[in-house]
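Listed below, chain by chain, are the residues.
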Amino acid sequence: MPNTEHIFLFLPSILSLILFFILIKRKRRKFNLPPGSMGWPFIGETIGYLKPYSAISVGEFMQQHISRYGNIYKSNLFGEKTIVSADAGLNKFILQNEGRLFECSYPRSIGGILGKWSMLVLVGDMHRDMRVISLNFLSNTRLRTHLLREVEKHTLLVLSSWKENCVFSAQDEAKKFTFNLMAKNIMSMDPGHPETEQLKKEYVTFMKGVVSAPLNLPGTAYRKALQSRSTILKFIEKKMEERMRKLKEGKENPEEDDLLGSVLKHSNLSTEQILDLILSLLFAGHETTSVAIALAIYFLPGCPMAIQQLREEHHEIARAKKQSGEMELTWDDYKKMEFTQCVISETLRLGNVVRFLHRKALKDVRYKGYDIPCGWKVLPVIAAVHLDPCLFGHPQHFNPWRWQQNNGTRGTTYPTAAAPVTSSNNFMPFGGGPRLCAGSELAKLEMAVFIHHLVLNYQWVLADNDQAFAFPFVDFPKGLPIRVLKT
């Protein structure tokens, strides 16, 4: 009897232990991970992944991994276990399930330099609220009227400074254009003004740190960028205080129709949130569009037929405007730039300004028989899809005609390389889902207006052997030197 009593005494404990081990076993269920390599301890394969390569390719590292493991593979990148996707279907699935199965998850160093309230790193309701503010400022009505005029004004300001037969950096000129445009429309800062030039100088230092190794040591680009960030935020805060004082005194300037004024009047954001919002929009609105414009300037000389067709399209618009007595471009003029939109799409597809995105799995996800464990990083590589020969014929050829609904209009004969109609389903230069770039329409407008005045007024040649590299940010090491002649 005593033995029986002992058994009954310990029975609950034994059952609890059995249940505990069953639960542990279930929790540690074996995942069917994609093939791949985790690389070295701690650093994984990050160094190889970030090695610079031609921007019109996916790079030797990724090409080797895709050839060996397929379009979905595992790795260890940025210090975390990662699933890398060069698969169009998975990339779309990831972006469409933002907030449900996946969420934005950039390295801490990015948040450290852009700010914890930056739209790039925010998730959930706060990101949605910040995005709504940006979308309201970049509304279709505002694009058609105010922003179209501003884009054309700043385009002409830059192009009018170009001197014939002089060699200069097209990349720097594109950056000047986009920075001046954003500074004017975010904080009503005039181009060429000393405070604008000082802010631009600090911003250049800041940008070098954003794209550098996150080493917060004396003398490093990252440390200098953090110092420039502090200077820029103090400058923006001073602007905020001046604007708030004017609002309280009833001395609001109607010409200061900018984002800063809109946020101060129509939002409940804190000072810190406004500062990070302004800084992140300066970053997003300036850097990516300027690179896209530089890429168009780089690609077009290699495709004379595209330049010829662009000139025909824009001369037709210019002739119609002259006959009507109009000077400024209208929204109707912009909508007539159909081939220009093909050039823009092809520039974004081939150049891939945004090459990959940072996401994290919120739940265990299964896709095409593979498991993506909860907590793992996921990198949808947009560039790999855009350069996939199974999706885009001759993917490394600059071919704007691939975007046309048919391969010929007005009796023009196009290159035989022109492929059948390209599906836009696999084209995601601005991301997708709830985090689709809020400034995508403004970026396309800037590119179109810049191309309009460029092809009407100039011919250009590449003045040095330069090409776009991915670091992974896209950049021209020599600044893309060009020589121009007036037409």
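Residues numbered from 1 in each chain as written. Predicted model: local features only at pLDDT ≥ 70, side-chain atom pairs only at ≥ 80, totals over all residues. Heavy atoms only, no water.

**Here's the deal with the overall build of the protein chain**
In terms of helices and strands, the protein chain carries 17 helices and 13 strands. In the protein chain, which comprises 487 residues, the share counted as buried stands at 50%. Long-range contacts, defined as pairs at least 24 residues apart, comprise 71% of the intrachain contacts of the protein chain with a sequence gap of at least 6. Of the roughly 24200 Å² that the protein chain leaves accessible, carbon and sulfur atoms contribute 56%. (Helix = DSSP H or I, 4+ residues; strand = E, 2+ residues; numbered from the N terminus. Buried < 20%, exposed > 50% of the residue type's maximum accessible area, 1.4 Å probe, protein only. Contact = heavy atoms within 4.5 Å. Areas by Shrake-Rupley, 256 points an atom, 1.4 Å probe, with all protein chains shown as cover.)

**Considering the pairing of strand E2 (residues 72-77)**
The element E2 is extensively covered by neighbouring structure, given that 5 of its 6 residues are classed as buried. Two strands pair when backbone bridges link them, and E2 and strand E3 (residues 80-85) are joined in this way by 6 bridges, in the antiparallel orientation. The residue bridging Leu 77 from the neighbouring strand is Glu 80, located in E3. (Pairing = 2+ DSSP bridges.)

**As for the nonpolar core**
One finds Met 62, Trp 162, Met 187, Ile 297, Leu 445 and Trp 460 to be the most contacted residues of the largest nonpolar core, which totals 121 residues. No other element matches helix H12 (residues 271-299), which puts 16 residues into this core. Those residues within four positions of Trp 162 in sequence are excluded, and the remaining contacts are Phe 168, Glu 173, Phe 450, Leu 454, Tyr 458, Val 484 and Lys 486. (Core = buried A, V, L, I, M, F, W, Y, C linked by side-chain atoms within 4.5 Å.)

**So, the packing of helix H11 (residues 259-266) against H12**
One way to put it is that H11 packs onto H12 with a least axis distance of 11 Å and a crossing angle of 150°. Here H12 runs roughly antiparallel to H11, going by the angle between their axes. Crossing of H11 over H12 shows right-handed handedness. Counted together, Leu 259, Leu 260, Val 263 and Leu 264 of H11 and Ile 274, Leu 277, Ile 278 and Leu 281 of H12 form the full contact between these two elements. The residue inventory of the contact of H11 with H12, partitioned by class, reads 8 nonpolar, no polar and no charged. (Axes fitted to C-alpha atoms, helices over the stretch in contact; angles between N-to-C directions. Parallel < 35°, antiparallel > 145°, perpendicular 65-115°, else oblique. Left-handed = near helix turned anticlockwise from the far one by under 90°. Nonpolar A, V, L, I, M, F, W, Y, C, P; charged D, E, K, R; others polar.)

**Quick look at the packing of helix H13 (residues 304-324) against helix H15 (residues 338-351)**
Close contact between H13 and H15 brings their axes to 8 Å; oriented N to C, the two are set at 145°. Helix-helix and strand crossings are classified by hand; for H13 and H15 the assignment is left-handed. Only Glu 338, Phe 339, Thr 340 and Val 343 of H15 make contact with H13, whose side of the interface consists of Ala 306, Gln 309, Leu 310, Glu 313 and His 314. Broken down by class, the residue content of the contact of H13 with H15 amounts to 4 nonpolar, 3 polar and 2 charged.

**Re the sheet that holds strand E1 (residues 53-54)**
A sheet is described by the order of its strands in space; here 3 strands give the open sequence E1-E11-E12, paired in antiparallel fashion. For this open sheet the edge positions go to E1 and strand E12 (474-475), each flanked by a neighbour on one side alone. Alignment of strand E11 (residues 469-470) against E12, held across 2 bridges, turns out to be antiparallel. Of the residues in E12, the one forming a bridge with Phe 469 is Asp 475.

**Section: helix H6 (residues 124-137)**
Across its 14 residues, H6 extends 21 Å between first and last C-alpha, which sits within 8% of the 20 Å expected from 1.5 Å per residue. Those residues of H6 not exposed but buried are His 127, Met 130, Arg 131, Ile 133, Ser 134 and Phe 137. Down the axis of H6, the sector holding all buried residues measures 155°, keeping them to one side. Turned more than 90 degrees away from the buried face of H6, the exposed residues are Gly 124, Asp 125 and Asn 136. Along its buried surface, H6 packs onto helix H7 (140-159), helix H8 (170-187), H11 and H12. (Expected span 1.5 Å × (residues − 1). Arc of directions from axis to C-beta.)

**Observations regarding the side chain of Arg 311**
Mapped onto the secondary structure, Arg 311 falls in helix H13. The buried charged residue Arg 311 lacks any salt bridge partner; its closest oppositely charged side chain belongs to Glu 312, at an N-O distance of 10 Å. Dropping the residues within four chain positions of it, Arg 311 is found in contact with Val 455, Tyr 458, Gln 459, Trp 460 and Thr 487. (Lys, Arg positive; Asp, Glu negative; His and termini not counted. Salt bridge = Lys/Arg side-chain N within 4 Å of Asp/Glu carboxyl O.)

**As for the confidence of the model for the protein chain**
When the pLDDT values of the protein chain are averaged, the result is 89; 90% of them are 70 or greater. Every residue in residues 407-414 is under pLDDT 50, and counting partners more than four places away or in other chains gives 13 contacts. Note on residues 416-421: pLDDT is under 50 here. Beyond four places in sequence and across chains, it has 12 contacts. (pLDDT = per-residue confidence, 0-100.)

**Description of a nonpolar patch on the surface**
On the surface, Trp 40, Phe 42, Ile 43 and Ile 47 cluster together to form a nonpolar patch covering roughly 580 Å² of accessible area. Residue classification places Ile 43 among the partly exposed positions, given a relative accessible area of 41%. (Patch = residues over 30% accessible without salt bridge, like charges linked within 9 Å, V, L, I, M, F, W, Y side chains within 5 Å.)

**Things to note about the packing of aromatic side chains**
The description of two aromatic rings rests on the distance between their centres and on the angle between their planes. Within the structure shown, the criterion is met by 22 aromatic pairs. Between Phe 339 and Trp 401, the ring centres sit 5.6 Å apart and the planes meet at 40°, which makes this aromatic pair tilted. Here Phe 339, found in helix H15, pairs with Trp 401, found in the loop between helix H16 (382-386) and helix H17 (440-457); they are 62 residues apart in sequence, far enough to count as distant. No difference in accessibility class separates Phe 339 from Trp 401, as the two residues are buried. Here the aromatic rings of Phe 469 and Phe 471 are separated by 6.2 Å at their centres, their planes lie at 50°, and the arrangement is tilted. For Phe 469, a relative accessible area of 25% translates into the label partly exposed. Accessibility expressed as a relative area gives 27% for Phe 471, which makes it partly exposed. (Phe/Tyr/Trp six-rings, centres within 6.5 Å; stacked < 30°, edge-to-face > 60°.)

**Quick look at the environment of Leu 147**
Structurally, the position occupied by Leu 147 is in helix H7. Given the relative accessible area of 3%, Leu 147 is considered buried. Counting along the chain gives 34 residues from Leu 147 to Leu 181, while the straight-line C-alpha distance between them is 9.2 Å. The residues touching Leu 147, leaving out its near neighbours within four places in the chain, are Phe 137, Leu 138, Arg 142, Asn 185, Leu 442 and Leu 445.

**Details of the pattern of salt bridges**
The tally for this structure, following the rule as stated, stands at 22 salt bridges. We note a salt bridge from Lys 321 to Asp 333, for which the minimum N-O separation is 2.7 Å. Of this pair, Lys 321 sits in helix H13 while Asp 333 sits in helix H14 (residues 331-335), and the two are 12 residues apart along the sequence. Classification of Lys 321 as buried rests on a relative accessible area of 6%. Each of the salt bridges in this network shares a partner with another, and the network as a whole consists of Asp 125, Arg 128 and Asp 129.

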